[in-house]
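Residue strings, one per chain:
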Amino acid sequence: MPLTARLHEQGTLDATLDPLGCGLAWEAVYRVRPRPALACTWCDGPMHAKVSGRGGRFFAHDRRSPACAGAGETDEHRSLKRALAAAARQAGHQVQLEAGAAHGGWRADVLVTAVGGRRTALEAHLSSAPVDDVLARTRRYQDDKVGVVWFTHRAARWLDHVPAARLYRPAAPDGPWSRLHPLVSRFSVVAARKSATPAPSGTVLSTPAGITVQNGT
């Protein structure tokens, strides 16, 4: 289920922020009557605010929507997206959850915009996927001059082919995802090897606050 929803006259709401990115408090949309007319930013279907058993806030479709790409997300996937967004914000970058290209070619889990304007997509990919699929999605970002870094807990074959990090899963619900350090704000991503379609070399995110993401060289 998505972490964002659209509300008429308010714009996009972000469940990872308080207030929700537009001056509106969570209590204004959660379990209130009359219910606000929330809509999915993916499929435009009606939604409602919800809290998971782990205490994570998100937005759920009023009815099952198998055709919506955002309908099948798990608590664990949302947890990693929240962690990535929080780390990028702590590092001083602008963050948009579930932001997509106007032409529909890609939709980032977390889209980070650095001070200089450079954009990087942080992708939480906890399910299995073929190498070709991840490479194709990486190319779509690169075609729009958007960097991308993939995060997973799996020993995925594509880890050696795209800018990526393999993470340790949290020991407790909504606990920190980590690679080399205990805090999510301390991601350190090793350089990816060269591939047939290497990403631009150089640092995507490197700040004193702690996020360091190194592209393939």
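Presented here is a report on the structure given in the accompanying data block. Being a predicted model, the structure only gives us computed values, none of them experimental. (Residues numbered from 1 in each chain as written. Predicted model: local features only at pLDDT ≥ 70, side-chain atom pairs only at ≥ 80, totals over all residues. Heavy atoms only, no water.)

Here's the deal with helix α1 (residues 75-90)
Helical periodicity: at 3.6 residues per turn, an α-helix aligns residues three or four positions apart in one direction. Look at α1: 22 Å from first C-alpha to last across 16 residues, which is about the 22 Å you get at 1.5 Å a residue. Burial in α1 covers these residues: His 77, Arg 78, Ser 79, Leu 80, Lys 81, Arg 82, Ala 83, Leu 84, Ala 85, Ala 87 and Ala 88. Along its buried surface, α1 packs onto β5 (57-61), β6 (94-100), β7 (107-113), β8 (119-124) and β9 (147-152). Positive backbone phi, approximately 95°, marks Gly 92, located one or two places after α1. (Helix = DSSP H or I, 4+ residues; strand = E, 2+ residues; numbered from the N terminus. Expected span 1.5 Å × (residues − 1). Buried < 20%, exposed > 50% of the residue type's maximum accessible area, 1.4 Å probe, protein only. Contact = heavy atoms within 4.5 Å.)

So, the nonpolar core
One finds Leu 80, Leu 84, Val 95, Val 110, Leu 122 and Phe 151 to be the most contacted residues of the largest nonpolar core, which totals 20 residues. If you list the elements that add at least two residues to this core, you get β5, α1, β6, β7, β8 and β9. Here this core gets five residues from one element, more than from any other, and that element is α1. In this structure, Ala 129, Leu 135, Trp 158 and Val 162 belong to the second largest nonpolar core, which totals 19 residues. (Core = buried A, V, L, I, M, F, W, Y, C linked by side-chain atoms within 4.5 Å.)

Things to note about the sheet that holds β8
Two strands in a sheet stick together by hydrogen bonds in their backbones, pointing the same way (parallel) or opposite ways (antiparallel). Here we have five strands laid out as an open sheet, ordered β6-β7-β8-β9-β10, and mixed in their pairing. For this open sheet the edge positions go to β6 and β10 (164-166), each flanked by a neighbour on one side alone. Averaged over neighbouring strand pairs, the angle between their axes works out to 25° when direction is ignored. Taken together, the three bridges between β9 and β10 define a ladder with parallel strand orientation. Bridge pairing links Phe 151 to Ala 165 in β10. Sitting on the sheet, α1 touches β6, β7, β8 and β9, and the angle it makes with β6 is about 145°. Of the strands in this sheet, β7, β8 and β9 are in contact with helix α2 (residues 131-143), which crosses β9 at around 150°. (Pairing = 2+ DSSP bridges. Axes fitted to C-alpha atoms, helices over the stretch in contact; angles between N-to-C directions.)

Section: the pairing of strand β2 (residues 11-14)
Alignment of strand β1 (residues 4-7) against β2, held across four bridges, turns out to be antiparallel. Looking at β2, one finds that Thr 4 is bridged to Asp 14. Count of turn residues in the β1/β2 antiparallel hairpin: three residues, of which Glu 9 carries a positive phi of about 75°.

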